[in-house]
Amino acid sequence: MRQAVSGQKVGAIPAMGGKRIVLVAAALALLAWSCAASANLEESRRGMVNLLRRYGIADEDVLGAMAEVPRHLYIPEEYRWLRDPYGDHACPIGHGQTISQPYIVAYMTEQIDPAPGKKVLEIGTGSGYQAAILAELGAEVYTIEIIPELAEHADSVLESQGYENVHVLTGDGYLGWPEHSPFDAVIVTCAPEEIPRALVEQLADGGRMILPLGDRLQRLVILEKEADSVRVTEDMPVRFVPMVHGEEE
Ligand code: SAH
């Protein structure tokens, strides 16, 4: 009896050792896989940035931020691998919304020229990716999202990435964020049919706003505010999700 018991015990030690070896090997394999995966993602990100360069994005700071920010992390897990997160296309993020195409993110960012010390208002937080790019460039970012689940997801990814210069609000972007105005720049990433008046009011003198405007046929519009005058320039055709009206308007 005692021998059997001790036999069991003695036998259990090499068996545990074997299991441990298997566990260590599995952990090493996982580590190797995740290193390879993150090297692949970095490679994909470099590929994306090279493409942006070829498409005419020239601002090295913007390209640097796009090379730095892990775009895939901003896409909620259940949607992350439905489309290549580093391809030059929009990707679904749930609730019928999308993370914008990298070229559009880079282009719109270039147009508002975010920099340390500048206050930027974004309407349509979505995944939080555009906000991360603005924050990476040193701007103080205020971003508003109307779908609470998306706002929460974006806020938690941005926090996990260590950004202290992004402030996420769940609410209706048509109202802007008057408490923090005036903003040096406003970037709207959903399409209203008319330029929202509150956003123009909350833009600082000398400030720039970029937004997609229209229903089915949309164009990017750049608005420059000087003293009491506003200059509006039409830019390229685009396709964004609509800017919906909140209940309280
Ligand atoms: N900038 C985002 C892309 C967002 S897609 C990114 O980097 O991922 C557009 C977003 O605008 C959607 O999440 C949509 O819910 C939001 N939206 C639509 N109407 C809005 C409104 N009135 N106020 C705030 N957000 C709005």
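Quick summary incoming for the structure in this document.

## A closer look at unusual backbone geometry
Part 1 of the reasoning: A cis geometry characterises the amide bond from S181 onward to P182, with omega recorded as 5°.
Part 2 of the reasoning: Residue placement: P182 occurs in the loop between β5 (166–170) and β6 (183–188).
Part 3 of the reasoning: In this structure, H95 is a non-glycine residue whose phi angle is positive, near 55°.
Part 4 of the reasoning: Here H95 shows up in the loop between β1 (91–94) and β2 (97–99).

## A look at helix α6 (residues 148–160)
Part 1 of the reasoning: Given a rise of 1.5 Å per residue, 13 residues ought to cover 18 Å, and the 18 Å separating the end C-alpha atoms of α6 matches this to within 8%.
Part 2 of the reasoning: In this structure, the buried residues of α6 make contact with α3 (71–74), β1, β2, α5 (129–136), β4 (140–145) and β5.
Part 3 of the reasoning: At the exit of α6 stands G162, carrying a positive phi of roughly 85°.

## So, the sheet that holds strand β8 (residues 218–226)
Part 1 of the reasoning: If you walk across this open sheet you meet the 7 strands as β5-β4-β3-β6-β7-β8-β9, and the pairing is mixed. With partners counted over all chains shown, the strands left at the sheet margins are β5 and β9 (229–238), one partner each. For this sheet, the mean inter-axis angle between neighbouring strands, taken without regard to orientation, is 15°.
Part 2 of the reasoning: Here 4 bridges tie β6 to strand β7 (residues 203–213), and the two strands are oriented parallel to one another. Looking across to β7, one finds that I187 is bridged to I210.

Calculation notes
Residues numbered from 1 in each chain as written. Predicted model: local features only at pLDDT ≥ 70, side-chain atom pairs only at ≥ 80, totals over all residues. Helix = DSSP H or I, 4+ residues; strand = E, 2+ residues; numbered from the N terminus. Expected span 1.5 Å × (residues − 1). Contact = placed C-beta atoms within 7 Å. Pairing = 2+ DSSP bridges. Axes fitted to C-alpha atoms, helices over the stretch in contact; angles between N-to-C directions.

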